Amino acid sequence: MAFVNLQNVTYQYPLTKTPALQNVNLQVNEGEFVAIVGPNGAGKSTLCYTLAGFAPHFFKGEMSGTVEVAGKESSKSTLDEWVLNVGLAFQNPFNQISGAKYTVFEEIAFGLENIGVPREEMKSRVEDAMALTGIRDLAERSPYSLSGGQQQRVALTSILVMRPKLLVLDEPTSQMDPIGTREVFGTIRKMAEEGMTVVLVEHKVEWIAEFADRVIALKDGSVLLEGKPNEVLTSELLAEHGFGLSRYTSTAREAKKRGIWKKKICL
Amino acid sequence: MHERLSFHIKRDSVIHKLNPLTKLTLILALILISFTSPWYWTPHVVLLLAVIPLSGLGRVFPEFFKAATRLILPAAGFLFLMQAFFQPIGEEVIFKFYFLDITQESLMFAFRNAMRVFVMISAFTLFLLTTHPSELMSDLTRRGLPGQFAYVIISTLQILPQMQAKAQTIIAAQRSRGLDTESTFLKRAGSVLPLVGPLVFGSLVEVEERAIAIEARGFTSKNSKTSLHEIPDPSFEKTIRWALLMLVILSIAANLWLS
């Protein structure tokens, strides 16, 4: 049985007229790295919130269908139980800083303090997580003195340190330069290889192509297409529905149209 | 970029090493004794023999002196003048300024009250200089203060300077699009609305996202919380706290007995 299992999930936020997710069926295996792509308003962030238990536990609203992670059902758990298994990091790093801590080291330990991890274990877990994401040198800095990219690494580390079974990331590299992005994708890939299941929303399709195991394309709250990165990201269907393509795919497609490129569309 | 709103100065001193609750008890005791002791010179003695030496012991005297002369002295001085001129007590006028009279009694009254205020603000300044806010909150949470309450206090200290920085960014952005924020009062008042809107609505969105972020890190977990920093509370400090409490009770009792 899949580690993450969504069956006929439809979710509508309060005070809205149309569902943000419609009849979504999704399975992710343990240790798999799945990327979600889609245009704005496709329901990517809502899918992240649903996996992380915030829809409907935090946002309320109407939900039908079932969301299961590691054999547990979201509707039968409370949010504080759910977050022990599922970690969520999202786009805006500034708002993910707790505001309760004065150094990066303390900030990363914040979640472990909340769930009652003993002090010595806490320190070693924070050290390990910081080494993993390459932010050891920021340990004594104030989280508010960091650049957007550094804050994003701190936000990611703050979730990784909790050691969730499922890691849900909503554009975790949006403020990073290409070098930082490559490093973070490498870290996420490594976590997946060590058994962590990863669901990642990202617009940078070149990186998805290189690192993800599988891609799911969302459109208007429903799954449009899923499969291997090179199959999905070069699909004609995505281009027809206005998805952002990699520059290589766009160039190859244009070249094929003009008869210059005879082979398969590449990524 | 404003980083934080904290007066804490990291130093290796006896005062810094005290448990935050002991420090809080100490400064509250000094303030209460200054206000309740029936002896006229108590606040002066507390300042000279307790607060100032403690700032030296805490190795924060230069910072303490700067705060005392720039902030506390003007506030206490203003209070002194107001009370000296406007307190209608005493007969013997020793100084006259137009229709305002200063009597010996009003002068003495003003001097003691100004000194009490001086002790109060300077003791709190000393506390803030030598106590890390997160250590104070961790210790108070461990002793039963609700975590949410501690979070609200400490995050406000950090988030306020960030909001101030954001307001400056919005002002700069609106000014670059021609908004007048520097001419007459009426024009400036009219300019407030386009500045307040983005700041307030932006802050509301931030609050929601921050709530999600801390929930995702187990903020409402029912597990008992632990603390990264060990905050020692040796038994002699408990004795100190009880002794301070006794001194306050004695001061109040003396006040009641003599009045």
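The rules behind the values
- Residues numbered from 1 in each chain as written.
- Chains lettered and ligands numbered in written order.
- Predicted model: local features only at pLDDT ≥ 70, side-chain atom pairs only at ≥ 80, totals over all residues.
- Heavy atoms only, no water.
- Helix = DSSP H or I, 4+ residues; strand = E, 2+ residues; numbered from the N terminus.
- Rg over C-alpha atoms; globule rule 2.2 N^0.38 Å.
- Buried < 20%, exposed > 50% of the residue type's maximum accessible area, 1.4 Å probe, protein only.
- Contact = heavy atoms within 4.5 Å.
- Areas by Shrake-Rupley, 256 points an atom, 1.4 Å probe, with all protein chains shown as cover.
- pLDDT = per-residue confidence, 0-100.
- Domains from an automatic or database assignment.
- Buried area = accessible area lost by both parts, 1.4 Å probe.
- Salt bridge = Lys/Arg side-chain N within 4 Å of Asp/Glu carboxyl O.
- Phe/Tyr/Trp six-rings, centres within 6.5 Å; stacked < 30°, edge-to-face > 60°.
- Lys NZ or Arg CZ within 6 Å of the ring centre and 35° of its normal.
- Pairing = 2+ DSSP bridges.
- Axes fitted to C-alpha atoms, helices over the stretch in contact; angles between N-to-C directions.

1. Regarding the overall build of chain A
Each helix and strand in chain A was counted, giving 11 helices and 10 strands. Its C-alpha atoms give chain A a radius of gyration of 19 Å, within 12% of the compact-globule value 18 Å for 267 residues. Projecting the C-alpha coordinates of chain A onto the three principal axes gives extents of approximately 65 × 40 × 35 Å. Across the 267 residues of chain A, 57% fall into the buried class. Partitioning the contacts of chain A with sequence separation of at least 6, the portion at a separation of at least 24 is 63%. Split by element, the accessible area of chain A, about 11100 Å² in all, is 50% carbon and sulfur.

2. With respect to the overall build of chain B
Across its full length, chain B holds nine helices and two strands. If you list the helices and strands of chain B from N to C, you get α-α-α-α-β-β-α-α-α-α-α. For 259 residues, the compact-globule estimate of 2.2 N^0.38 gives 18 Å, and chain B exceeds it by more than 25% at 24 Å. In terms of principal-axis extent, the alpha carbons of chain B reach across some 65 × 60 × 35 Å.

3. Describing the confidence of the model for chain A
In this model, chain A carries a mean pLDDT of 91, and residues with pLDDT of at least 70 account for 99%. Across chain A, strand β1 (residues 4-12) of chain A holds the top mean pLDDT of 97, while helix α11 (residues 247-257) of chain A sits lowest at 77.

4. A look at the domain arrangement of chain B
Residues and elements named next belong to chain B. Parsing chain B into structural domains produces domain 1 (14-131 + 232-258) and domain 2 (139-215). Taken over C-alpha atoms, the centre of domain 1 sits 35 Å from the centre of domain 2. Listed as interface residues are five residues of domain 1 and, on the opposing side, four residues of domain 2. Across the domain 1 to domain 2 interface the summed buried area is about 300 Å²; carbon plus sulfur atoms make up 53%. A per-residue breakdown of the area domain 1 buries against domain 2 is headed by Asn19, Leu21 and Asp233, which together make up 71% of the total. Seen at the junction of domain 1 and domain 2, the total is one salt bridge.

5. Quick look at the packing of aromatic side chains
In the structure shown here, the tally under the stated rule is 15 aromatic pairs over all chains. Plain terms: the ring middles of Tyr13(A) and Phe59(A) are 5.5 Å apart, the flat faces sit at 90° to each other, and that makes the pair edge-to-face. Taken together, the positions of Tyr13(A) in the loop between β1 and β2 (21-28) and Phe59(A) in the loop between α2 (54-57) and β4 (62-69) put the pair 46 residues apart, joining distant regions of the chain. By relative accessible area, Tyr13(A) is classed as partly exposed at 21%. Put simply, the rings of Tyr11(A), Tyr13(A), Tyr49(A), Phe54(A), Phe58(A) and Phe59(A) pair up and form one aromatic cluster. Here the guanidinium or amino end of Lys225(B) rests over the ring plane of Phe219(B), the centre of that ring lying 5.6 Å away.

6. A closer look at unusual backbone geometry
Residue and element names in this part refer to chain A. Cis geometry marks the peptide bond from alanine 55 to proline 56, where omega comes out at 5°. Checked against the element boundaries, proline 56 lands in helix α2. One non-glycine residue with positive phi stands out, namely arginine 163, at about 50°. With respect to the helices and strands, arginine 163 occurs in the loop between α6 (148-160) and β7 (166-170).

7. A few points about the sheet that holds strand β9 (residues 214-219) of chain A
Residue and element names in this part refer to chain A. Within the open sheet, the six strands sit side by side as β6-β7-β8-β3-β9-β10. Their pairing is mixed. Lying at the two open borders of the sheet, with one neighbouring strand each, are β6 (86-89) and β10 (222-227). Between one strand axis and the next, the sheet turns by 20° as a mean value, whatever way the strands run. As paired strands, β6 and β7 are joined by four bridges and run parallel to one another. Among the inter-strand pairings, glycine 87 is bridged to a residue of β7, identified as leucine 167. Together, β3 (33-37), β6, β7, β8 (197-201) and β9 form the strand contacts of helix α1 (residues 44-51), whose direction differs from that of β7 by roughly 155°.

8. Describing the pattern of salt bridges
Residue and element names in this part refer to chain A. Applying the stated criterion across every chain, the model contains 20 salt bridges over all chains. As a salt-bridge pair, arginine 125 and glutamate 121 come within 3.0 Å of each other at their nearest N and O atoms. Of this pair, arginine 125 and glutamate 121 both sit in helix α5 (residues 119-133), four residues apart, roughly one helical turn. Residue classification places arginine 125 among the buried positions, given a relative accessible area of 10%. Linking arginine 189 and glutamate 193 is a salt bridge whose minimum nitrogen-to-oxygen distance equals 3.2 Å. Placement of the pair is arginine 189 and glutamate 193 together in helix α7 (residues 178-193), with a separation of four residues, close to one helical turn. Judged by its relative accessible area of 58%, glutamate 193 is exposed.

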